Amino acid sequence: MPDYDKQRDFYAGVWGLTEVAGDSGLSFLAAEGSPEQYVIRLRKAAEKRLDLISFGAATPGDVDALAERLRAAEVRLISEPGKLDTPGGGYGFRLFDLDGRTVEVSADVAVRRHRKLEAKEAVPVRLSHVVLNAASSCAAWTGTCAAPAGCCAPASA
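What you see is a predicted model; the values in this text were computed from it and never measured. (Residues numbered from 1 in each chain as written. Predicted model: local features only at pLDDT ≥ 70, side-chain atom pairs only at ≥ 80, totals over all residues. Heavy atoms only, no water.)

Colleague: For this particular structure, what's the right way to read helix H2 (residues 60-72)?
Modeller: Structurally, the α-helix is built with 3.6 residues per turn, so residues lying three or four positions apart point the same way. Helix length check: H2 (13 residues) gives 18 Å between terminal C-alpha atoms against 18 Å at 1.5 Å per residue, within 8%. Taken together, the buried positions of H2 are occupied by Val63, Ala67 and Leu70. The buried residues of H2 occupy an angular sector of 65° when projected down its axis, which confines them to one face. Opposite its buried face, H2 presents the exposed residues Arg69 and Ala72, each directed more than 90 degrees away. In this structure, the buried residues of H2 make contact with strand S5 (77-83), strand S6 (91-96) and strand S7 (102-107). Positive phi appears at Glu74, one or two residues downstream of H2, with a value of about 65°. (Helix = DSSP H or I, 4+ residues; strand = E, 2+ residues; numbered from the N terminus. Expected span 1.5 Å × (residues − 1). Buried < 20%, exposed > 50% of the residue type's maximum accessible area, 1.4 Å probe, protein only. Arc of directions from axis to C-beta. Contact = heavy atoms within 4.5 Å.)

Set out below in structure tokens:
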């Protein structure tokens with residue numbers, strides 16, 4: 001993202017995520033109350049976008065099952081399930097969503113030292129879901145994929 005410092009300040013300050021690892025132009029951010037190593041990664045680049053969104057799965061078998069289901073739905077995988085070389089390691093894979101965002105799914109990641117949050121503390125315990133604006137319309141869904149309810153209804157004759 002071109003305005004890297006501003007975005008990093010937004011996710012750390014406004015959202016309350018914690019920068020847990022990084023290098024020049026690269027930041028891994030975690031939810032303070034979560035044992036997950038990170039939930040997003042930011043990268044300084046020309047494009048305005050998150051570099052990576054990360055979701056945890058319960059087991060490596062769940063990671064494999066999801067990868068197989070996505071392959072069957074003709075979703076483009078960036079990498080096959082295997083060992084991860086990111087903070088915490090683990091087992092996972094990456095895919096492109098319909099708008100080209102990179103999504104990571106992993107299991108068996110080393111637990112990050114985290115803290116129990118105080119009642120009503122205004123920082124994330126974890127990310128249970130993420131809402132992303134998408135430029136792609138329902139037309140991007142293929143017949144092999146379960147389209148969202150009401151999406152791609154047949155045209156009237």
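Structure's up, so let's keep going.
Colleague: Which parts of the structure should I look at to understand the sheet that holds strand S2 (residues 26-31)?
Modeller: Within a sheet, each strand pairs with its neighbour through backbone hydrogen bonds, oriented either parallel or antiparallel. Taken in spatial order, the seven strands of this open sheet run S1-S2-S3-S4-S7-S6-S5, and their pairing is mixed. Of all strands in the sheet, those with a lone pairing partner are strand S1 (17-23) and S5, marking the two edges. Going across the sheet, the axis of each strand differs from the next one's by a mean of 20°, ignoring polarity. As judged from the four bridges shared by S5 and S6, these two strands associate in the antiparallel manner. Following the sheet pairing, Gly82 is matched in S6 by Gly92. Set on the sheet, helix H1 (residues 4-14) makes contact with S1, S2 and strand S3 (40-43); between it and S3 the angle comes to about 160°. Relative to S6, H2 is tilted by about 25°, and along the sheet it contacts S5, S6 and S7. (Pairing = 2+ DSSP bridges. Axes fitted to C-alpha atoms, helices over the stretch in contact; angles between N-to-C directions.)

Colleague: For this particular structure, what's the right way to read unusual backbone geometry?
Modeller: Of all residues except glycine, most have a negative phi; of all peptide bonds, most are trans. Positive phi, close to 65°, is recorded for Glu74, a residue that is not glycine. Looking at where Glu74 falls in the secondary structure, it is placed in the loop between H2 and S5. A residue is classified by how much of its surface remains accessible, and Glu74, at 57% relative accessible area, is exposed. Phi is positive for Asp108, which is not a glycine, with a value near 55°. One can find Asp108 in the segment after S7.

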